[in-house]
Amino acid sequence: MSTEDRPPAPRSLAEALRARGDASLGALLRSRPDLITPVPTDLTQLATRAGTRASVVRALERLDRFALQTAEALAVAADPATYGELLGLMAGDDADPAVVAALPHALNGLREQALVWGDDDRLRLVRTARELLAPSPQHPSPTGLGPTVQEATAGMSPGRIQEIVTAAGLASTHDSVSAVSALAGLFTDRARMAALLAAAPPDSLDVLERLVWGPPYGQVTADPAPRLRWLLDRGLLLPTAPGTVVLPREVALHLRRGLAHRAPEPVPPVVETAAVHRPQVVDSAAAGQAYTALATVEELLKDWDEGGPAVLRAGGLSVRDLKRTAVALDVPEPVAAFWVELAYAAGLIASDGEADERYAATPAYDEWLELPAAERWSRLVTAWLAATRTAGLVGGRDAKDRTLSALGPGLDRSAAPEVRHRVLALLAGLPEGAAPAAASVLARLRWERPLRGDRREDDLRGRLAEWALSEAELLGVTGRGALSAQGRALLGAPAAPAPVPDAEPTGPGDKLPVHHHHRAAPLTALSPAEQAVASAAAARLLAPLLPEPLDHVLLQADLTAVAPGPLQRPLADMLGVLADVESKGGATVYRFTPGSVRRALDAGQAASDLHAFLTAHSRTPVPQPLAYLIDDVARRHGHLRVGAASAYVRCDDDAVLSEILADKRAAGLGLRRLAPTVLAAQTDPAGLLEGLRAMGFAPAAESAEGDVLITRALAHRTPPRTAPEPVPDGPPVPDDTLLAAALRAIRAGDLASTTPRKPGTAPAANGELPRTGAAETLATMQAAVLTGEALWIGYVNAEGAASQRVIAPIRVEGGFVTAYDHTADEVRTYPLHRITGVAELADDAG
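A brief report on the enclosed structure follows. (Residues numbered from 1 in each chain as written. Predicted model: local features only at pLDDT ≥ 70, side-chain atom pairs only at ≥ 80, totals over all residues. Heavy atoms only, no water.)

1. A short note on the packing of helix H10 (residues 158–167) against helix H14 (residues 226–233)
Here's step 1: In the contact formed by H10 and H14, the axes pass within 8 Å of each other and the chain directions differ by 105°. Between H10 and H14, the crossing angle belongs to the class labelled roughly perpendicular. Counted together, Arg160, Glu163, Ile164 and Ala167 of H10 and Arg229, Leu232 and Asp233 of H14 form the full contact between these two elements. (Axes fitted to C-alpha atoms, helices over the stretch in contact; angles between N-to-C directions. Helix = DSSP H or I, 4+ residues; strand = E, 2+ residues; numbered from the N terminus. Parallel < 35°, antiparallel > 145°, perpendicular 65-115°, else oblique. Contact = heavy atoms within 4.5 Å.)

2. So, the sheet that holds strand S23 (residues 816–821)
Here's step 1: With antiparallel pairing, five strands are arranged side by side in an open sheet as S24-S23-S22-S21-S25. Both outer strands of the open sheet, strand S24 (826–831) and strand S25 (835–840), are each paired with one neighbouring strand and no more. Across the sheet, the axes of successive neighbouring strands diverge by a mean angle of 45°, strand direction being ignored.
Here's step 2: Direction of pairing for strand S22 (residues 802–813) relative to S23: antiparallel, over a ladder of six bridges. Bridged to Pro809 within S23 is Ala819.
Here's step 3: Along the sheet, helix H34 (residues 774–787) contacts strand S21 (791–796), S22, S23 and S25; its crossing angle with S22, the most-contacted strand, is approximately 65°. (Pairing = 2+ DSSP bridges.)

3. Thoughts on the pattern of salt bridges
Here's step 1: Applying the stated criterion to the full structure yields 32 salt bridges.
Here's step 2: Residue Arg11 is joined to Glu15 by a salt bridge in which the shortest nitrogen-to-oxygen separation is 2.8 Å.
Here's step 3: Since its relative accessible area comes to 70%, Arg11 is described here as exposed.
Here's step 4: The exposure class assigned to Glu15 is partly exposed, which follows from its relative accessible area of 24%.
Here's step 5: Its salt-bridge partner being Arg257, residue Asp94 comes within 3.1 Å of it at the nearest N-O pair. On the criterion of sequence distance, the pair formed by Asp94 in the loop between helix H6 (83–91) and helix H7 (97–112) and Arg257 in the loop between helix H15 (249–255) and strand S6 (273–276) is long-range, its members being 163 residues apart.
Here's step 6: Given a relative accessible area of 58%, Asp94 falls into the exposed group.
Here's step 7: Here Arg257 falls in the partly exposed class, since its relative accessible area comes to 44%.
Here's step 8: Through salt bridges with shared partners, one network takes in Arg62, Glu418, Arg449 and Arg461. (Salt bridge = Lys/Arg side-chain N within 4 Å of Asp/Glu carboxyl O. Buried < 20%, exposed > 50% of the residue type's maximum accessible area, 1.4 Å probe, protein only.)

4. Some points on the sheet that holds strand S5 (residues 244–246)
Here's step 1: Ordered by their spatial adjacency, three strands build an open sheet running S3-S5-S4, and the pairing between neighbours is antiparallel. Only two strands of the sheet have a single neighbouring strand rather than two, namely strand S3 (217–219) and strand S4 (238–241). The mean angle between the axes of side-by-side strands here comes to 40°, regardless of whether they run parallel or antiparallel.
Here's step 2: Bridge count for S4 against S5 is three bridges, and the pairing is antiparallel. Its bridge partner lying in S5, Pro239 is registered against Val245.

Any link to function would need more than the numbers given here.
Pasting the structure below:
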């Protein structure tokens, strides 16, 4: 393209955006959704918003390390800079080939993000980004570079500048500006600088070596040592304040051989492999862990079935209740906190809202229990992927030094879903069966988001990644550290990049082929609809790997029953009432006790029902001791009756009541005889029941009509509750419909604000809306209907929001104008009284 045919260089970011196509603008709005919240009126407003501090900081936080290094290099380059100057700062005098190859992509990314604009011969970093990244005494640059010679000598006397120029071997000049320019020219000339430094004392060069990679500032006394005096006399160190000197940027770049960064990182760190397993082994291990996850959540909810722990006044579980839950689940407390938070995120538990507020299962838990096991698992992992509540923070401290409790406030971290997804995506980039080295995953994440990883206190992003790896293993998304087939499907990931030899695990440190992010498109987060499809696919893959529920147990002569695998739900529910779980593992051992049998009788079962149940579901004959136990407890069950007086006990055998009154353990119940067969108590019926059972009796509760009360297994539930909403990490990414509408509105608004007007009709240059009287507005509209010309109008809607539009009037009647609105790309009707004014467009307006 000839110079005459080349489009003029943009003079501002707005002009650079104006020259973009819709695809490029759409990519910008997707990557920076805060720019269309709300939709800007035109491209000038879009450019202004893209340069605000909050938006620029957010964009910088989403840069990878090399893109950030490129922006930092532009911040210490001339403004504007050429591509050659930028390449010199990034690749150095040796022209590192990896940097040379990666720089165009990084620069284009910064352009797409609207952080850099201009052609390659006039590259400009957005002013706000330059202010954030450029070095200053208060905010040192990550490059370790200091101010330029011109900036460092800004307050220096002309005489002193001439002395430095002369000592450096340069001719004296008539003014300070040319002297500073000559000194900077010397420092940027490789040959002359090499000659100057060749004459330097060795200990002076040692001083420069200590400052060259930053920080560039040093302290000196009022009478500097000879090695410092030599540097100060020649401007190789310049004073910035009393007792403080700085290494000028040009000198540092010469010593660094042109590099702005000590270690440019154009290529992301490799995710290394710690071990390799057969894919079948990985999937089986993950399926086993998935089954354990389901069993753990069920056990947690069963433990809280009759009303779980109380809700703290500030919200959440107490430390004591979390410890008790951990003991009940037989897991460490941090793992117990994870299961509690997962059940909460999935909407399975919530507070009941009662006066003495407690946690309990929700009605959604009963619906969840009825689902097939694989679908229950997919519900849990889908909730985990999207949850912003972070169980790993439990036990830590918030900004006000308050302890963070499970289910309490302060656990939301909006970056958590993105980190989880990215960690799993990195695992999906490895061959099947490959388990990554955790340190290499963390190094990769730090490269991808250096500001979010290094600037935050305690490296929150790194901790989120570590938690994601351990939680994925707990849930069965990974098996033996490698992503399972169901985990890959959960992400909507394609097949693994390369097969792994069908071999047993290898030792740590074995390397697999490198898979960089540029070799395959990185996985992006799925929309809710896409995630539902992916979760269903994952459940289908998991289902054949889960053990089939059994319909039988093995009864033992020692009053135990062995379940050699997972039980069908009706069998498991009934056995959970009739017996206590003694041990868990590959097989579950249940123990029958008088208390457990009484519990089944309290639930409405008769002794004959229990005998029939055990006979039907045991592969072994019912042992005689178990049959005797059931009959013995049933014979005594209900012999005593408890009701409300406060409470009373009645029994046809007055000798039994006399025995109770004589028992010292009954002293706390406040009993007294009302009749030969009736005792009154001052405690409530539930307390009386527990007290008598502790004394060895087997009372039954009765209603006001004298009927035995049946205690159902289905216990306390909260009112219907919705699962907690994740806290978004900034505005949501716009969908295609919103994006198309926003682009159309921005383009049309830009047309309205930039279309040429006829002389004498355009408003003042400050962007005010056109102002014309009602009569002139009406006459111009009517004339435009006859001629078919387009007009530029100012319009104020019912909410008082002003905008400018380009319309082609079609009809004017009844105080309204019907026109084709180029801004909205549709026919609309506007009240004339809301039009502030009208202006005709120039004849050559496009």
